[in-house]
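What follows is the residue order along each chain.
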Amino acid sequence: MTVTGPKGFRAAGVAAGIKASGALDLTLVVNDGPLDVAAGVFTRNVIKAAPVLWSQEVLKQQKLKAVVLNSGGANAATGPGGFQDTHATAEKVAEVLGAGAIEVAVCSTGLIGERLPMPAVLSGVDSAVKALDASPEAALNAATGVMTTDSKPKQAFAQHESGWSAGGFAKGAGMLAPNLATMLSVLTTDAVVDKETLDRALRAATHVTFDRLDVDGGTSTNDTVLVLASGASGVEPTEAELTELLTKVSHDLVLQLRADSEGATKDVDVTVKGAASEADAIVVARTIAEDNLVKTALFGSDPNWGRIAMALGRAPARIDPETVSIAINGVTLFAGGTTAEDRSAADLSGRAIDVVVDLGVGSDEATIYTTDLSHAYVEENSAYSS
């Protein structure tokens, strides 16, 4: 069990008719308490979808009874009407659950710029409430109902030795370059926790997991990560313990998202160490991860360290060419300003690729999780809206 693994949660995923295919397209997650503490992080994109604006507002009180999510339409760049649709969705969920709309977060994913078919959404809420359950099947349906170009649902769960747990699901296969949060993800925990601690733990967890996933440089209009705490375990962990378990679940989901990202044939870790600051390490690693020449070389299993050197050299960070080294899959190919080992010594034939850059100017480091750039990625995204 994942999102329903922690005590106090039920979920459902139904086919509301938002997608023409008839696939599952509406998900509902309900916190049965006794606590209703929540926290969230959202996209930094200036163009925010209506459900992001709504959920940011309701999260100011850091209390949630439920989260309703739909695939088949992003409800982004839809103006006042789109915001009204989000409000109406929250009102509907609140009505059938006997809660207030301010206790309901809303998330949407799909094509930008089109209004949602609200009769289908609202009737789907009724169907989802009837299907609510704490079973593994209900959790799987919930994770499936948020999928767009994903080929499989992504779920994760972890339990602490003292008896409390955390779980969740995520969706995302393209437009993956988060700023603060990423794609859509709902995390749950049955820990006893106050809202300030939960907020800090979520931000610490997403900082080193969701925010380090960068497949294509696209920061979505809809990126949202929510965590709901029920307190049903009766166990109050330390903030460090809560952060550790949320980080574990989030990291699991991030690796699943990367593995299923559009057209990916390589799973690439770009680690930058020896940086003057963590911010420098992140910006250098992200610059390498987003560079199309680097990504296409990796697609071709070509250990072309020159492209990596080019990319890192343009990052806005403290860099000394004489102290930089570049290693690919354990083979140092560049060091001291010139060639080290012959590039043929690095084997990139497998799916996993490990790029390690040592800037040699400090002690901070960071890892960005990325992929290659393949023909399939271009083909899938060139036909996305059609």
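Residues numbered from 1 in each chain as written. Predicted model: local features only at pLDDT ≥ 70, side-chain atom pairs only at ≥ 80, totals over all residues. Heavy atoms only, no water.

## What about the overall build of the protein chain?
Here is the rule: Starting at the N terminus, helices and strands are each numbered in turn, a helix being any DSSP run of H or I of at least four residues and a strand any DSSP run of E of at least two. Restricting the calculation to C-alpha atoms gives the radius of gyration, and the globule rule supplies 2.2 Å times the number of residues raised to the power 0.38. Accessibility here uses a 1.4 Å probe with only protein chains present; expressed as a share of the type maximum, an area under 20% marks a residue as buried, one over 50% as exposed, and anything in between as partly exposed. Throughout, a contact is declared for two residues whenever any of their heavy atoms are within 4.5 Å. Throughout, the Shrake-Rupley method with a 1.4 Å probe supplies accessible areas, and for residues the shown protein chains are the sole cover considered. Under the convention used here, Asp and Glu are negative, Lys and Arg are positive, and both His and the chain ends fall outside the count. Where a charge sits is defined by one atom per residue type, namely NZ (Lys), CZ (Arg), CG (Asp) or CD (Glu).
Summing up its helical and strand segments, the protein chain has 10 helices and 15 strands in all. Taken over C-alpha atoms, the radius of gyration comes to 21 Å for the protein chain, in line with the 21 Å a tight globule of 386 residues would show. For the protein chain, the spread of C-alpha atoms along the three principal axes comes to 70 × 50 × 35 Å. Within the protein chain, the fraction of its 386 residues that count as buried is 55%. Put simply, of all contacts in the protein chain between residues at least 6 apart along the chain, 80% involve residues at least 24 apart. Of the accessible surface of the protein chain, which amounts to about 14400 Å², a share of 51% is contributed by carbon and sulfur atoms. Both charge centroids of the protein chain, one from 29 positive and one from 48 negative side chains, sit 3 Å from each other.

## Quick word on helix H2 (residues 79-97)
Worth spelling out the cut-off: What a helix is expected to span follows from its residue count: subtract one and scale by 1.5 Å.
Taking 1.5 Å per residue as the helical rise, H2 with its 19 residues ought to reach 27 Å, and the 28 Å between its terminal C-alpha atoms agrees with that figure. On its buried face, H2 sits against strand S2 (26-31), helix H1 (50-58), strand S4 (66-71), strand S5 (104-109) and helix H3 (118-131). Looking one or two residues past H2, Gly-98 carries a phi angle of roughly 70°, positive in sign.

## So, the packing of H2 against H3
Applicable threshold: Comment: axis = line fitted to C-alpha atoms, over the contacting stretch for helices; angle = value between 0 and 180 degrees taken between N-to-C directions. With respect to orientation, any angle under 35 degrees is reported as roughly parallel, any angle over 145 as roughly antiparallel, any angle of 65 to 115 as roughly perpendicular, and every other angle as oblique. Here a crossing is taken to be left-handed if its near helix is turned anticlockwise relative to the far helix by less than a right angle, and right-handed if that turn runs clockwise. Lys, Arg, Asp and Glu make up the charged group, whereas Ala, Val, Leu, Ile, Met, Phe, Trp, Tyr, Cys and Pro make up the nonpolar group; the residues left over, Gly among them, are polar.
Between H2 and H3, whose axes approach to 10 Å, the crossing angle comes to 25°. Accordingly, the angle class assigned to the pair H2 and H3 is roughly parallel. Remark: the crossing between H2 and H3 carries right-handed chirality. Residue-level inspection shows Asp-85, Ala-88, Thr-89, Lys-92, Val-93, Val-96 and Leu-97 of H2 in contact with H3, the latter providing Met-118, Val-121, Leu-122, Val-125, Asp-126 and Val-129. Taken together, the residues of the contact of H2 with H3 sort by class into nine nonpolar, one polar and three charged.

## A short note on the sheet that holds strand S14 (residues 352-358)
What counts here: Any two strands are treated as partners once DSSP identifies two or more bridges connecting them.
The strand order across the open sheet built from six strands is S13-S12-S11-S14-S10-S15, with neighbouring strands paired in mixed fashion. Each having just a single partner strand, strand S13 (338-339) and strand S15 (364-371) make up the two edges of the open sheet. Pairing of strand S12 (residues 331-335) with S13, which is carried by two bridges, proceeds in the antiparallel orientation. Counterpart to Ala-335 in the pairing with S13 is Thr-338. Running at roughly 25° to S15, helix H7 (residues 278-290) makes contact with strand S10 (267-275), S14 and S15 of the sheet. Sheet contacts for helix H9 (residues 305-313): strand S11 (325-328), S12, S13 and S14; angle to S11, the most-contacted strand, approximately 135°.

## Considerations on the pairing of strand S9 (residues 224-229)
Here is the rule we go by: Handedness of a crossover is defined as follows: with both strands directed away from the viewer, a clockwise route from the first strand across the helix to the second makes it right-handed.
For S9, a buried count of six out of six residues is recorded, marking the element as mostly surrounded by other parts of the structure. Of the two faces of S9, the one holding Thr-224, Leu-226 and Leu-228 and the one holding Val-225, Val-227 and Ala-229 are both buried throughout. As judged from the six bridges shared by strand S8 (residues 184-189) and S9, these two strands associate in the parallel manner. Opposite Leu-184, over in S9, you have Thr-224 as the bridge partner. Each parallel crossover has a hand, and the one from S8 via helix H5 (residues 195-207) to S9 is right-handed.

## Points about the environment of Val-106
Here Val-106 shows up in strand S5. Along the backbone, Val-106 and Ala-66 are 40 residues apart, and their C-alpha atoms lie at a distance of 8.7 Å. When neighbours within four sequence positions are excluded, Val-106 is seen to be in contact with Pro-51, Trp-54, Ser-55, Val-68, Thr-86 and Ala-90.

## A look at the UniProt feature "binding site: substrate" (unreviewed entry) in the protein chain
Test applied: UniProt positions are given in the numbering used here, feature names are shortened, and annotations may be inferred rather than shown by experiment.
This chain's UniProt record puts "binding site: substrate" (unreviewed entry) on Thr-148, Lys-171, Thr-182, Glu-262, Asn-381 and Ser-386. If you trace the backbone, Glu-262 turns up in the loop between helix H6 (239-259) and S10.

## With respect to unusual backbone geometry
Residue Pro-34 follows Gly-33 across a cis peptide bond; omega there is 25°. Examined against the element boundaries, Pro-34 turns out to sit in the loop between S2 and strand S3 (37-42). Located in the positive-phi region is Gln-62, a residue other than glycine, with phi close to 55°. Here Gln-62 shows up in the loop between H1 and S4. For Ser-301, which is not a glycine, the phi torsion comes out positive at approximately 55°. On the secondary structure map, Ser-301 appears in the loop between helix H8 (292-299) and H9. On the basis of relative accessibility, which here comes to 28%, the residue Ser-301 falls in the partly exposed class.

## Digging into the sheet that holds strand S7 (residues 165-171)
Pairing within the open sheet is mixed, and its five strands lie in the order S3-S9-S8-S7-S6. Each edge of the open sheet is held by one strand with a lone partner, namely S3 and strand S6 (154-159). Between one strand and the next, the sheet's axes are offset by a mean angle of 10°, whatever the strand orientation. Of the strands in this sheet, S6 and S7 are in contact with helix H4 (residues 136-144), which crosses S6 at around 135°. Contacts from H5 reach S3, S8 and S9, with the element oriented near 35° to S3.

## Notes on the pattern of salt bridges
Threshold: Each reported salt bridge corresponds to a side-chain nitrogen of Lys or Arg within 4 Å of a carboxyl oxygen of Asp or Glu.
If you walk through the whole model with that rule in mind, you get 15 salt bridges. When salt bridges with common partners are traced through the structure, they connect Arg-10, Asp-32 and Lys-65 into a single cluster.

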